[in-house]
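# Results of the structural survey
The primary structure of each chain is shown beneath.
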Amino acid sequence: MKYYIFIGVLILSILSLASCANRGSPFPRSDLTEETWQQYVDANTNQWSRGADNWFMTGDANLAEESNRVAPDSAAISTMSVRVSQFNNIKVNGPFQVQVFGSLEQNSVYVYGPNEEVRNVSIAVRGNTLHVTVAGDPAGTPKMRQVIVRIGIVNLQALTQLGAGRIEARQVRSTGLSITSSGSGNIYLAGNVNLKCIKQSGRGSVFVWGAITPILDIETTGSGCVNVCGNVGIRSIKHYGKSDVSIIGANSDSLYIDTSGTGKIGIRGIVNAREIKARDNTCVYLCGTNSASLYVYLFNQARVGLSGRANDLYVNGNGASRFWGRSLCVMNAYVRAQDKAHINVMASNKIFASAVDNGSVYFFGTPDLMSQFVSGNGTVIPIWFDNKRACMAELIPVYKDVPRSYQHQRYQWKNKHLRGAKGEI
């Protein structure tokens, strides 16, 4: 009996010592000097067009149109032409497919599909807005997904998605476009558009190719993603949902980001980022910062990764947040890590680093540049690094205007006659 008691006490002692050793270990469980966030920033748009169909990609008939063409006479496939007055805005709510194309002369609307479902599509112009909805139950019938609403428009100013069907727009033109998505259907849009605003509050995603815009504001509260490429003068991103935001070809002289919830914001280009606030489980990754003064505030489990350069950098990390700034060339840095936050930072002139509670700061540079304040279990560790040489190698030119011929990772559309350009199905 004493033998078994001795064995039991021995096992409990070993487990207790292992637990204490794990809690009291001064070494992190992972190498905090390693930064891999760059791989999560989109560099091309190949993945974005996966949900689009043949009509959007090449102008050819999609599966629904091909199916309607070979349907027997008993299926009663019909085409309905709708006479409409002038409109610049489109609002859609239904499970049918919507195809929007740029028109040179006048607007037009055609509805194509099974006869009974075509008659249940309601089309009306109120004010300057074309409303396309379903008469009766918004979910419609299963055959409603075989219906195609094709819209030709000269100048698209606003596009609103409220339903579950897919909206595709190609070769459209706009002098100031606002996109609103609160339904579950995706929006795919390509053309020479001056994109002003995107508001996403539903499950549907928004994909835009070829945006030429000096100022763009994005606000997301839903779960669908927002992806934009072109020459994008992104001014603000307010993210309070579960979605991801990707910008390729950013070209901005002032950017403010405010995030909470979950999801990732990835930006590739050259931007003058001024302020980033990241909370909860959100991630902000920016490749190409070129800032005079940049303020970063992190809370909870937030992650921020930056590359490029900044004259003055201010970082305040709270909770269990992480700031990845090893690839950010900074002149002067003022950083503070508290709670369990961690900060990687580089500076070539001077740095003031503060670490309190269980916070930690890794400084990549020469120790003589650093002033530090440490309290509690905080740690500040200088890591010898030739930051001046690294920054010279990563010199980024400032640019604010890009020729219209510039298309950053824009989809290579086939130069083919657009079906329906004159209104025919």
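From a predicted model like this one, the values you see are computed outputs, not experimental measurements. (Residues numbered from 1 in each chain as written. Predicted model: local features only at pLDDT ≥ 70, side-chain atom pairs only at ≥ 80, totals over all residues. Heavy atoms only, no water.)

To continue, consider the overall build of the chain. Counting its secondary structure elements, the chain contains 5 helices and 22 strands. Relative to its 425 residues, the chain shows a buried fraction of 51%. Within the chain, contacts between residues at least 6 apart in sequence are counted, and of these 38% link residues at least 24 apart. On the chain, roughly 19,900 Å² of surface is accessible, and the fraction owed to carbon and sulfur atoms is 51%. (Helix = DSSP H or I, 4+ residues; strand = E, 2+ residues; numbered from the N terminus. Buried < 20%, exposed > 50% of the residue type's maximum accessible area, 1.4 Å probe, protein only. Contact = heavy atoms within 4.5 Å. Areas by Shrake-Rupley, 256 points an atom, 1.4 Å probe, with all protein chains shown as cover.)

Its place among the elements puts Thr289 in strand 15 (residues 281–298). Accessibility expressed as a relative area gives 0% for Thr289, which makes it buried. With sequence-adjacent residues up to four places away left out, Thr289 is seen in contact with Val271, Ala273, Leu294, Leu306, Ser307, Gly308, Arg309 and Leu328.

Moving on, we come to the pairing of strand 12 (residues 226–239). With 12 of its 14 residues buried, strand 12 lies for the most part within the structure. Inspection of the sheet shows strand 12 paired to strand 13 (residues 245–259) by 9 bridges, in the parallel sense. In the strand pairing of strand 13, Val226 is matched with Val245. (Pairing = 2+ DSSP bridges.)

Relative to the assigned elements, Thr160 resides in strand 8 (residues 158–161). Look at Thr160 and you get buried, because its relative accessible area is 14%. When near neighbours in sequence (up to four residues on either side) are disregarded, Thr160 contacts Ile90, Lys91, Val92, Ile167 and Thr180.

Take Phe299: it is sitting in the loop between strand 15 and strand 16 (303–317). A residue is classified by how much of its surface remains accessible, and Phe299, at 32% relative accessible area, is partly exposed. As for Phe299 and Lys277, which are separated by 22 residues in sequence, their C-alpha atoms are 8.2 Å apart. Beyond its immediate chain neighbours, meaning those up to four positions away, Phe299 contacts Ala278, Arg279, Asp280, Asn318 and Ser321.

Once that is clear, we can look at the confidence of the model for the chain. For any part of a model where pLDDT is low, the fine detail of the predicted coordinates should not be relied upon. Summing up the model confidence of the chain, the mean pLDDT is 84 and the portion of residues at 70 or higher is 80%. Mean pLDDT across the secondary structure elements of the chain bottoms out at helix 1 (residues 2–24), with 44, and peaks at strand 8, with 97. Note on residues 9–29: pLDDT under 50 across the span, and 2 contacts to partners over four residues away in sequence or across chains. Across residues 402–425 the pLDDT falls below 50, and counting only partners more than four positions away or on other chains, this stretch makes 54 contacts in the model. (pLDDT = per-residue confidence, 0-100.)

Within the structure shown, the criterion is met by 8 aromatic pairs. Aromatic side chains Tyr188 and Phe207 sit 5.0 Å apart centroid to centroid with 5 degrees between the ring planes, which places their arrangement in the stacked category. Here Tyr188 is found in strand 10 (residues 187–200), whereas its partner Phe207 is found in strand 11 (residues 206–220), with 19 residues between them in sequence. Judged on exposure class, the residue Tyr188 and its partner Phe207 are both buried. Of the aromatic side chains, those joined through ring pairs into one cluster are Trp48, Phe56, Tyr188, Phe207 and Trp209. The ring of Trp55 carries Arg170 above its face, with NZ or CZ at 5.8 Å from the centroid. (Phe/Tyr/Trp six-rings, centres within 6.5 Å; stacked < 30°, edge-to-face > 60°. Lys NZ or Arg CZ within 6 Å of the ring centre and 35° of its normal.)

On inspection of all chains with the given rule, the structure shows 5 salt bridges. For Arg235, the salt bridge is made with Asp217, and the minimal N-O distance between the two is 2.6 Å. In this pair, Arg235 is assigned in strand 12 and Asp217 in strand 11, connecting sequence segments 18 residues apart. Here Lys277 makes a salt bridge to Glu275, at a shortest N to O gap of 4.0 Å. Looking at Glu275, the relative accessible area reads 25%, which means it is partly exposed. Put simply, Asp53, Arg166 and Glu168 are held in one network by salt bridges that share partners. (Salt bridge = Lys/Arg side-chain N within 4 Å of Asp/Glu carboxyl O.)

The next point concerns the nonpolar core. Formed by 81 residues in total, the largest nonpolar core has its most connected members in Phe96, Val149, Ile151, Leu189, Val228, Val296 and Phe323. Leu189 has contacts with Phe56, Leu156, Leu159, Ala169, Val172, Leu177, Ile179, Phe207, Val208 and Trp209, leaving out every residue within four places of it along the chain. If you look at the next biggest cluster of nonpolar residues, it comprises 13 residues, including Phe56, Phe101, Ala190 and Cys225. (Core = buried A, V, L, I, M, F, W, Y, C linked by side-chain atoms within 4.5 Å.)

The topology assignment puts Asp312 in strand 16. Note: C-alpha distance between Asp312 and Ile351 (39 residues apart in sequence) is 9.8 Å. When residues no more than four places from it in sequence are discounted, the contact partners of Asp312 are Ala292, Ser293, Leu294 and Asn332. Here Asn332 takes part through its side chain, which lies 3.0 Å from a polar atom of the side chain of Asp312. (Polar contact = N/O pair within 3.5 Å; in protein donor to acceptor, adjacent residues only side chain to side chain.)

Attention shifts here to the pairing of strand 20 (residues 360–364). Every regular strand shows the same layout, with side chains that alternate between the two sheet faces. Counting buried positions along strand 20 yields 5 of 5 residues, so the element is predominantly enclosed. Sheet topology note: the strand 18 (residues 342–346)/strand 20 ladder contains 5 bridges and is parallel. Following the sheet pairing, Met346 is matched in strand 20 by Phe364.

Before going further, it helps to examine unusual backbone geometry. With phi around 60 degrees, Asp339 is a residue other than glycine that occupies positive phi space. With respect to the helices, strands and loops of the structure, Asp339 is situated in the loop between strand 17 (322–337) and strand 18. If you check the backbone angles, Asp357 has positive phi at about 60 degrees while not being a glycine. Residue placement: Asp357 occurs in the loop between strand 19 (350–355) and strand 20. The partly exposed category is assigned to Asp357, whose relative accessible area is 39%.

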